[in-house]
Amino acid sequence: MTETLPAANDERWMDYALKDAGQALKRKEVPIGAVIVLENRIIGRGYNQTETLQDPTAHAEMIAITAAATYLGSRRLEDSTLYVTLEPCAMCAGAIVLARIPRLVFGAFDPKAGACGTLYNLVQDTRLNHRVDLVGGICAEQCGVLLKEFFAKVRAGSDPDR
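The rules behind each value
Residues numbered from 1 in each chain as written. Predicted model: local features only at pLDDT ≥ 70, side-chain atom pairs only at ≥ 80, totals over all residues. Heavy atoms only, no water. Salt bridge = Lys/Arg side-chain N within 4 Å of Asp/Glu carboxyl O. Helix = DSSP H or I, 4+ residues; strand = E, 2+ residues; numbered from the N terminus. Buried < 20%, exposed > 50% of the residue type's maximum accessible area, 1.4 Å probe, protein only. 1 Å grid on protein atoms, 1.4 Å probe; cavity = no way out; pocket = protein on both sides within 12 Å on 5 of 7 lines; lining within 4 Å. Points joined across faces, edges and corners; volume = space filled by probe spheres on them. Nonpolar A, V, L, I, M, F, W, Y, C, P; charged D, E, K, R; others polar. Pairing = 2+ DSSP bridges. Axes fitted to C-alpha atoms, helices over the stretch in contact; angles between N-to-C directions. Contact = heavy atoms within 4.5 Å. Disulfide = S-S within 2.5 Å. Phe/Tyr/Trp six-rings, centres within 6.5 Å; stacked < 30°, edge-to-face > 60°. Core = buried A, V, L, I, M, F, W, Y, C linked by side-chain atoms within 4.5 Å.

Novice: Can you explain the pattern of salt bridges? Please cite residues and give values.
Specialist: All told, the structure shown has 5 salt bridges when counted by the stated rule. The partner of aspartate 10 in a salt bridge is arginine 103, and the shortest N-O contact between them spans 2.7 Å. Taken as a pair, aspartate 10 in helix 1 (residues 10-26) and arginine 103 in strand 4 (residues 103-108) lie far apart in primary sequence, 93 residues in all. Just as aspartate 10 is buried, arginine 103 falls in that class too.

Novice: Please provide a residue-by-residue account of the layout of surface pockets, values included.
Specialist: Put simply, the largest pocket is a space of about 610 Å³. If you go around the largest pocket, you meet 25 residues; those closest to its centre are Leu86, Asp110, Lys112, Leu147 and Phe151. Listing elements by their share of the lining of the largest pocket, those giving two or more residues are helix 2 (50-53) and helix 5 (140-156). For the lining of the largest pocket, the element with the highest residue contribution is helix 5, accounting for 6 residues. Split into classes, the residues belonging to the lining of the largest pocket amount to 13 nonpolar, 4 polar and 8 charged.

Novice: Just give me the short version of the sheet that holds strand 4, but keep the residues and values in it.
Specialist: With respect to topology, 5 strands assemble into an open sheet ordered 2-1-3-4-5, the strand pairing being mixed. Each having just a single partner strand, strand 2 (41-47) and strand 5 (133-136) make up the two edges of the open sheet. Put simply, the sheet's adjacent strands are angled 15° from each other on average, direction ignored. Relative to strand 2, strand 1 (residues 33-38) runs antiparallel, the two sharing 6 bridges. Bridging across to strand 2, glycine 33 finds its partner in tyrosine 47. Sheet strands in contact with helix 1 are strand 1, strand 2, strand 3 (81-86), strand 4 and strand 5, and its direction is about 140° off that of strand 1.

Novice: Just give me the short version of the state of the cysteines, but keep the residues and values in it.
Specialist: Counted under the stated rule, the structure contains 0 disulfides. Cysteine 89 takes part in no disulfide bond, and the closest cysteine sulfur, belonging to cysteine 92, lies 3.8 Å away. Looking at cysteine 89, the relative accessible area reads 17%, which means it is buried.

Novice: Please provide a residue-by-residue account of the packing of aromatic side chains, values included.
Specialist: Tallying each qualifying case throughout the model produces 3 aromatic pairs. On the numbers, 5.0 Å between centres and 85° between planes, the contact of phenylalanine 106 with phenylalanine 109 is edge-to-face. On the basis of relative accessible area, phenylalanine 106 is assigned to the buried category, the value being 0%. Consider the rings of phenylalanine 150 and phenylalanine 151, whose centres lie 5.0 Å apart with planes at 80°: the pair is edge-to-face.

Novice: Account for the side chain of threonine 85, with residues named and values stated.
Specialist: With respect to the secondary-structure elements, threonine 85 resides in strand 3. A residue is classified by how much of its surface remains accessible, and threonine 85, at 1% relative accessible area, is buried. Apart from the residues lying within four places of it in its own chain, the contact partners of threonine 85 are Met14, Ala17, Leu18, Ala21, Pro31, Ile32, Gly33, Gly107, Ala108 and Cys143.

Novice: So what about the environment of isoleucine 63? Which residues, and what values?
Specialist: Here isoleucine 63 is to be found in helix 3 (residues 60-72). Sequence-wise, isoleucine 63 and arginine 75 are 12 residues apart; in three dimensions their C-alpha atoms are separated by 13 Å. Residues contacting isoleucine 63, with those up to four places away along its chain left out, are Arg45, Gly46, Tyr47, Gln49 and Ala58.

Novice: Report on the nonpolar core, specifying residues and quantitative values.
Specialist: Of all hydrophobic cores here, the largest spans 45 residues; its most connected members are Ile36 and Leu104. Within the residue set of this core, elements represented by two or more residues are helix 1, strand 1, helix 3, strand 3, helix 4 (90-98), strand 4, strand 5 and helix 5. Ranked by residue count, the leading element in this core is helix 1, at 6 residues.

Following this line, the structure appears as structure tokens:
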């Protein structure tokens, strides 16, 4: 995985993604949040809603990409940065490439489904016509703890938002 260096505001924007992950948690969804930033402002945001919407594509990144594309009136999200609390899966990595997002910053690495450097690296595959600069591990501990606590509660059979 080729990574770029973290930017000065990466933690700041990841905090917004973490807040959105908290919204997912309140709705008993896997706590993943995402924001898309362009010119120092959020133009799209999302959190996991797969259970709420009964839609397997309702990942935080997909919802944020749709919101940003709607905001811009364009499918190309050039010059933006996507911040997400967990390394994107193959579906989301493909959408990031198709949206022409030039920079991706994620929190926790995903050893089971990560497609941005862990299991695969779709966003930097030289066979594709667009490649993404990556920064992984921003606020990784905070992002990872949120996920671990959620899944521990699910496995224990308790309400994951308590």
